[in-house]
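Commentary on secondary and tertiary structure
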Amino acid sequence: MWCDRLLRGLGNHEFEIYALTRSARQEESGWCDLPRNVARVCVAPLWGPASASESADGGGPDRPGFGRRERRRFEGHFRDLAETVCAADQEEGQRGAGSAASGGTHDGTAAAPRPTDAPPAAALTDRFASGLYGLAELARERSGLPAALRSEQAVRILEAACRAPGALRAAHSAQVADLLAVADRMERALRPLSLDWYGERGSGSGLAAADLCHAVGGGTAALAGLLAGRWYGTPLLLTEYGVRLREHYLASAADAVAPAAAGAPVRALLASFQRRLVRETYTRARLITPGNAHARRWQERCGARRDRLRTVYPGMDAAPFTEVGEKPPEPSGGGAGAGAGVRGHTLVWVGRIGPTKDLVTLLHAFTEIRRAVPDARLRIIAASPPPAGGGRSPEDTGDAGYTAHVRALAAQLFPPEPPGVRTLGTRTPGGSPVSFEEVGGPGLPSLADAYAAGGVVVLSSIVEGFPVPLVEAMFCARATVSTEAGAVREVIGGTGLVVPPRDSHALSDACLSLLRDPARRARLGAAARARALELFTAQQNIEAFRGIYLELMSYWQEGGRGGDGADGGGVPLPFARPPESHLPDQWPDQWPGTGDRGTGALAKGGAGAVPGWAGPAGWADDGSAPAMPVAASRQGEEDAG
Amino acid sequence: MSDGPEREPNPPRPAADRPSGDRTPAGPGAVDLAGWAGVGAGAGLGSVDEGVSGEPLDRGEAGERVIWPEAGQANDVAALDASRVPAVEQTGPVRTRAGAGSRPWPVAGRVSARAQAASPIWLAARTGRSAGTAGRAGTAEADADAAAAASGPLSAPSPEAGRVEGSADPVRQLMCRYRELCERAVDSLEIAAGLEARGITDRTAAARFRHRDVFSLAEELYARVPHAEDAPVAPVSGTSSAPGLVDPVGLDESFAWDVPSSDPGAPGRARRVRAAAPLVAAPLLPGVVCTAVFGAFAYLPSQAPAAVRVGVGAVGAVAVLAAVRPALRPVLRSSRPDGTGTRGLMLSVCLLLAYALYGDWLLTALLSGGPGPDAFTPVAARPGVPLALAYAVVPAAWCAHLFAVRSRRRLEGSRSLDHFASRARPLLGASAALFLLALAGLHGAAALILDGRYPAAGTHSATTALGVLLFVSLLLSAHGFPGAALAGPAAAVAVQAAALGSVLSARLPGLGGLGRPVERSVSALGTAVVPASACAVAALALLGYAWRALAGASAHYLRTEH
């Protein structure tokens, strides 16, 4: 969704989309209609069996399958890969103990002189990279890599690596079934290696012709961009609103309790593989744009260099909330069908009901609020389209059961005459003070109305990525009380109250203080709206990426492609190929002095917090690498159109 | 689910110090075991009940103030922990920051208070409130006293000291609470992700656990908690499910004679029956169709024109062949559906079957100088052959399934690839032998029923060899070796064609010697020697290949669902 907005927003760039799908459902959900500046869309599945031509013994006529020599090469490369994956990571422990204060040396490469443990770690990282790229080269020349990765040979190599001295403890106990599971998953993760996305240098098609690869998510999704950077020197920009590695860990932890549980060796090896892959991605990426400070911390932890990190907040469309936000505060008018006083004493919770939202604490807090303010109301409004912004956690499952539980609790705490759903029209002082509603239901046609219905918006999550409801409330100029979770703190800044999670006392105290003080409510709301408009609009996000695109392209040198990115390829020469050389004429007028801005920002490194917006959508699961071909004329056309 | 539902509306907030600033690490007394309020009789433990968050709020201007009380939360956790674990488990080792991680965390419940009493470095932190009954509290205190007596001055039994001990290690409470997470985690990052997902932030880590961030807290947890992999490797039970492998249709349970029915519940049985139904019913399809065709022949009037008979025969053959594919689908579904090679395999199989039906007649005719255009009336083999082959699909499917299920099960218990290979090979031999016996029996029975006599030895062996060849080919294609699965039947076809061709080419002048080997062996052993030897050799070669290939673990990938 945010990708879509980005594509539309950057109309003067031409994009090619390369997407990986994770399930048949995702593939069937299809594409929204793409804007005109999308030149090409390639989709490859990461699920199901490998494609027929790849898994066959022979392979296609142009790229014959593996012969004896290829098998030997494959053995070497895969052994590198497997042994580094199985190797115990000394780096992890050492870093936690050692570099707590000096955070800048999280670099897997030998950039900074490190104490004694550094050489093996760096050597391992290098070996992983060489194995990975070796396999990629092989897959480029011959088809049949997926079959080889599932072959007996690969399983044997994996077994040997697990039994080798210095391997992970969990790997030692790996059984044959575990090895098979690992090989299978690795084959799927490495499928981007054998795709035909890359093209030949100078052919003008594929990733070879791109000026920039923008990968959405680290790890597997960024593999294509990684290879393009390796082969063609294309700079890689990595955007992660939720850190993929963290999601992998959460899914893995959830797997561990599943009935068909993956064994500890499987999870350990896959985690190690993902960690190394992500580290490689972070090392090679020219710039990484986390969506919030939380993602940024994870990225730093996993090997991203600080000077290459630049937070770009996800952006949201502020337009639907303008009317509510601009409306003068309370005295003048009531909300939909209710008096001003009632609305002022109404708390609103908006979001998707789920265990992570901790509505139980909210209800308990509301009992205290009721004691102090007897006519207070709480409206729990379920937003039907999932508005979650950052990481989608597996806890989202079982929402229905949680909803029922919360309703039961509400009915128990606030015994109503008829328990259950209540609508706005029937809200009488005698009824239940807690109501469960849905956006789109009677009286609440839109999300903005939901926020307009209350004087204070409450967010009680214990886990939160980028808190979309909070930003929406800010757009609506509502005073907010939220729990400290995820990116809440950096989003709200000083324009709302933040309380610790799971603390009903603090929550009720904060809510009470706002309920009793309309002036303060208005003040906070106005400040929040101003802040949101400044930081979290979609436009901000697009402009940030516009600048980053140009900046990265300006560093890309046609001739001096080191292949290793900036740290391997010698001194980068800024503006060896100025962006203006392939931009339409009118462009400099729109953005005077962009070049300076770009260089300055990169030199300083990640200081800027450029606001923006992110959506969930199927896109977030894809690795898409928008690419901007060199041809200036085509860009001009697109711009004119 | 969160812990929310269990909580009381007003969580008790006993004494606690409050951290002065956001980032300031709390002092050693910041987190207080709830029970100590009772033990210490409240002396010196000031209550901060004046509203943890309310008081700054009232002064707040324009909302710039952000409330951040740590104490309420801390006590929450403490109260929860205290009420959940028995008193004995709350006792903990003396632990300093430097020593953290050096000593494995005692698994709660395993370390008895008595054992701790014997060791001078164990201190007992009493959590009187958490002890559910007075009796238990009494034992805990008695043990604590014993510990004090045993260890002398090192373990001061005064409440103050105990309080310091209890609260000096807040990480331990965390370990108690998230033990499963910590034990299962494969590395510290997983713990970090899990902690964050449970609402622990950097701020919590800093304030309550005196760690820089969640990562370093997770590292300590990871280092202190004993992991599953540290335990000696448990013998793998046969019932453990394959890690990461998903049985697509529950085939494991689809054979009543394969899986001892441990849970004879009605739903389970219904599910098993439903899962087994295609596997039991579908392989019967070709046999049934073949029977129907022979029935149609039997009902045809004997004066029916030849064209009608040929038509019925052709339609019947096509129907039987078409029935083979659905019959084998339950077996082949675990293989990768690649279209390559399937067509070649189909062609080879058709040619082999055609030879089984008409090969003997053709060879005889060729050897005797025919067949001429005037006497082109092919004579099919005895009807027992096609019928037996059609019904042989049943044992083929079942034996292939047996092999797949059993080898998968052996896969789970195998320590190494070689170990697995040594366990899988007997299985392969057994299933091939089982099929061979079944086919031989089927053919004999079919011949007895239809022809009224036992089949000739040559035909019998040729049919059996053909069946085994096709069975091994089925196994190989079901386990992801389509190339080899094609090569065997194709080689047999080639040998048979070569035999026919050599006889034919012997008619050419000067090439008379070519047909002699076939002629001699036919005259010695009968016409069936050609298909029998061709199929037997191919089957043996294929079996040899399968001996190596199917004993490899990579042959037993399951189609993973995703």
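Residues numbered from 1 in each chain as written. Chains lettered and ligands numbered in written order. Predicted model: local features only at pLDDT ≥ 70, side-chain atom pairs only at ≥ 80, totals over all residues. Heavy atoms only, no water.

The name recorded for chain B in an unreviewed UniProt entry is Integral membrane protein, from Streptomyces gossypii.

This part takes up the overall build of chain A. The helix and strand inventory of chain A stands at 27 helices and eleven strands. Per-residue burial over chain A gives 61% buried out of 641 residues. In chain A, the proportion of contacts linking residues at least 24 apart, taken out of those at least 6 apart, comes to 75%. (Helix = DSSP H or I, 4+ residues; strand = E, 2+ residues; numbered from the N terminus. Buried < 20%, exposed > 50% of the residue type's maximum accessible area, 1.4 Å probe, protein only. Contact = heavy atoms within 4.5 Å.)

Right, let's get into the sheet that holds strand S5 (residues 287-290) of chain A. Strand pairing in a sheet takes place through backbone hydrogen bonds and is either antiparallel or parallel in direction. All names here are of chain A. Overall, parallel pairing links the three strands, which are arranged S3-S4-S5 in an open sheet. With partners counted over all chains shown, the strands left at the sheet margins are strand S3 (213-216) and S5, one partner each. Direction aside, the axes of adjacent strands within the sheet are offset by 20° on average. As judged from the four bridges shared by strand S4 (residues 236-240) and S5, these two strands associate in the parallel manner. (Pairing = 2+ DSSP bridges. Axes fitted to C-alpha atoms, helices over the stretch in contact; angles between N-to-C directions.)

A word on the nonpolar core. Counting 112 residues, the largest nonpolar core has Phe-74, Phe-78 and Leu-193 of chain A together with Leu-195 of chain B as its most contacted members. Leaving out residues up to four positions away in the same chain, Leu-193 of chain A has contacts with Leu-132, Leu-135, Ala-136, Ala-139, Leu-145, Tyr-198, Leu-223 and Leu-227 of chain A. (Core = buried A, V, L, I, M, F, W, Y, C linked by side-chain atoms within 4.5 Å.)

All names here are of chain A. If you walk across this open sheet you meet the six strands as S8-S7-S6-S9-S10-S11, and the pairing is parallel. Each edge of the open sheet is held by one strand with a lone partner, namely strand S8 (434-438) and strand S11 (497-499). Ignoring strand direction, the axes of neighbouring strands in this sheet form an average angle of 25°. Two elements, strand S6 (residues 346-351) and strand S9 (residues 456-459), share two bridges in a ladder whose sense is parallel.

Side chains bearing opposite charge may pair, as long as their charged atoms lie close to each other. Following the criterion strictly, the structure yields 29 salt bridges over all chains and no others. The residue Arg-297 of chain A makes a salt bridge to Glu-196 of chain B at a minimum N-O spacing of 2.8 Å. Here Arg-297 of chain A is found in helix H14 (residues 293-301), whereas its partner Glu-196 of chain B is found in helix H10 (residues 188-197) on a different chain. What makes Glu-196 of chain B buried here is its relative accessible area of 7%. Close ionic contact of Asp-202 of chain B with Arg-297 of chain A constitutes a salt bridge, the shortest N to O distance being 2.9 Å. Here the residue Asp-202 of chain B occupies a position in helix H11 (residues 202-209), and Arg-297 of chain A occupies one in helix H14, the pair thus bridging two chains. Here Asp-202 of chain B falls in the buried class, since its relative accessible area comes to 12%. Among the residues examined, Arg-297 of chain A registers a relative accessible area of 22% and is labelled partly exposed. Among the charged side chains, a salt-bridge network with shared partners connects Arg-246 and Arg-297 of chain A together with Glu-196 and Asp-202 of chain B. (Salt bridge = Lys/Arg side-chain N within 4 Å of Asp/Glu carboxyl O.)

The UniProt feature table records "transmembrane region" (unreviewed entry) at residues 279-300, 306-324, 345-367, 387-405, 426-450, 456-476, 483-504 and 524-547 of chain B. Within residues 456-476 of chain B, the helical portion is 95% and the strand portion 0%, while the C-alpha atoms at the span's ends are 30 Å from each other. (UniProt positions renumbered as here; feature names shortened; annotations may be inferred.)

A few words on helix H11 (residues 223-232) of chain A. Across the ten residues that make up H11 of chain A, a large majority, nine, are buried. Two residues or fewer after H11 of chain A comes Gly-233 of chain A, characterised by a positive phi angle close to 75°.

Let's shift gears to the pairing of S6 of chain A. Residues and elements named next belong to chain A. Taking burial as the measure, the six residues of S6 include six buried ones, the bulk of the element. Where burial is concerned, the two faces of S6 agree: the one with Thr-346, Val-348 and Val-350 and the one with Leu-347, Trp-349 and Gly-351 are both buried. Pairing of S6 with strand S7 (residues 377-382) involves six bridges; the strand directions are parallel. Within the sheet, the bridge partner assigned to Thr-346 lies in S7 and is Arg-377.

Residues and elements named next belong to chain A. Per-residue pLDDT for chain A averages 73, and the proportion of residues at 70 or more is 69%. When the criterion is pLDDT under 50, residues 386-397 qualifies, and its contacts beyond four places in sequence or with other chains add up to 26 contacts. Below pLDDT 50 for its whole length, residues 584-641 participates in 160 contacts with residues either more than four positions away or in separate chains. (pLDDT = per-residue confidence, 0-100.)

When you tally the buried positions in helix H8 (residues 170-177) of chain B, you get eight out of eight residues, the bulk of the element. For H8 of chain B, the full list of buried residues reads Pro-170, Val-171, Arg-172, Gln-173, Leu-174, Met-175, Cys-176 and Arg-177 of chain B.

Of note, Ala-490 of chain B is situated in helix H21 (residues 482-505). Measuring from C-alpha to C-alpha, the distance between Ala-490 of chain B and Leu-347 of chain B comes to 8.7 Å, with 143 residues separating the pair along the chain.

Here we come to the pairing of S4 of chain A. Residue and element names in this part refer to chain A. Burial analysis of S4 places five of its five residues in the buried class, which makes it a mostly covered element. Residues Leu-236, Leu-238 and Glu-240 of S4 are buried on one face, and the alternating residues Leu-237 and Thr-239, pointing to the opposite face, are buried as well. Bridge count between S3 and S4: four bridges; the pairing is parallel. Its bridge partner being in S4, Cys-213 is matched across the sheet by Leu-236. Taken together, S3, H11 and S4 form a β-α-β motif whose crossover is right-handed. (Right-handed = clockwise from strand over helix to strand, strands pointing away.)

For the rest of this paragraph, the subject is the packing of helix H4 (residues 68-86) of chain A against helix H8 (residues 152-163) of chain A. Each pair of packed helices can be summarised by the angle the axes make with each other and by the distance between the axes. Residue and element names in this part refer to chain A. Packing of H4 against H8 leaves a shortest axis separation of 9 Å and a crossing angle of 35°. You can see that H4 and H8 cross each other, and the crossing is right-handed. In this structure, H4 uses Arg-71, Phe-74, Glu-75, Phe-78, Arg-79, Ala-82, Glu-83 and Cys-86 to contact H8, whose residues at the interface are Gln-153, Ala-154, Ile-157, Leu-158, Ala-161 and Cys-162. Considered class by class, the residues forming the contact of H4 with H8 number nine nonpolar, one polar and four charged. (Left-handed = near helix turned anticlockwise from the far one by under 90°. Nonpolar A, V, L, I, M, F, W, Y, C, P; charged D, E, K, R; others polar.)

Low pLDDT means the predicted atomic positions in that stretch should not be read closely. Residue and element names in this part refer to chain B. In the predicted model, chain B carries a mean pLDDT of 68, and 58% of its residues have values of at least 70. Taken element by element, chain B is modelled with least confidence in strand S2 (residues 122-123), mean pLDDT 33, and with most confidence in helix H23 (residues 529-549), mean pLDDT 93. For the stretch residues 1-165, pLDDT sits under 50, and the model shows 250 contacts to residues farther than four places along the chain or on other chains. A low-confidence stretch, residues 231-265 (pLDDT under 50), is modelled with 65 contacts involving residues beyond four sequence positions or located in other chains.

On to a nonpolar patch on the surface. A cluster of nonpolar side chains, namely Leu-448, Ile-449, Leu-450 and Tyr-454 of chain B, defines an oily patch on the protein surface of about 440 Å² accessible area. For Ile-449 of chain B, the location among the structural elements is in helix H19 (residues 417-451). (Patch = residues over 30% accessible without salt bridge, like charges linked within 9 Å, V, L, I, M, F, W, Y side chains within 5 Å. Areas by Shrake-Rupley, 256 points an atom, 1.4 Å probe, with all protein chains shown as cover.)

This part is about unusual backbone geometry. Negative phi values dominate among residues other than glycine, just as trans dominates among peptide bonds. Residue and element names in this part refer to chain A. Phi angles above zero are rare outside glycine, and Asp-358 is one such case at about 55°. Here Asp-358 is to be found in the loop between S6 and helix H17 (359-372). A positive phi angle, close to 60°, is found at Arg-502, a residue other than glycine. Of note, Arg-502 is situated in the loop between S11 and helix H22 (504-515).

Next up on the list: the packing of aromatic side chains. Counted according to the given criterion, the structure contains 15 aromatic pairs over all chains. Here the aromatic residues Phe-15, Phe-545 and Tyr-549 of chain A are joined through ring pairs into a cluster of three or more. Against the face of Trp-231 of chain A rests Arg-140 of chain A, its NZ or CZ located 4.1 Å from the ring centre. The ring of Tyr-557 of chain B has Arg-150 of chain A sitting right over it, with the charged end atom 4.1 Å from the ring centre. (Phe/Tyr/Trp six-rings, centres within 6.5 Å; stacked < 30°, edge-to-face > 60°. Lys NZ or Arg CZ within 6 Å of the ring centre and 35° of its normal.)

Residue and element names in this part refer to chain A. Together, Arg-68, Arg-69, Arg-71 and Arg-72 make up a region of like positive charge exposed at the surface. Positionally, Arg-68 belongs in helix H4. The class of Arg-68 is exposed, set by a relative accessible area of 69%. (Lys, Arg positive; Asp, Glu negative; His and termini not counted. Charge placed at Lys NZ, Arg CZ, Asp CG, Glu CD.)

Within the fold, Asp-517 of chain A resides in the loop between H22 and helix H23 (518-535). Under the relative-accessibility criterion, Asp-517 of chain A is labelled partly exposed at 27%.

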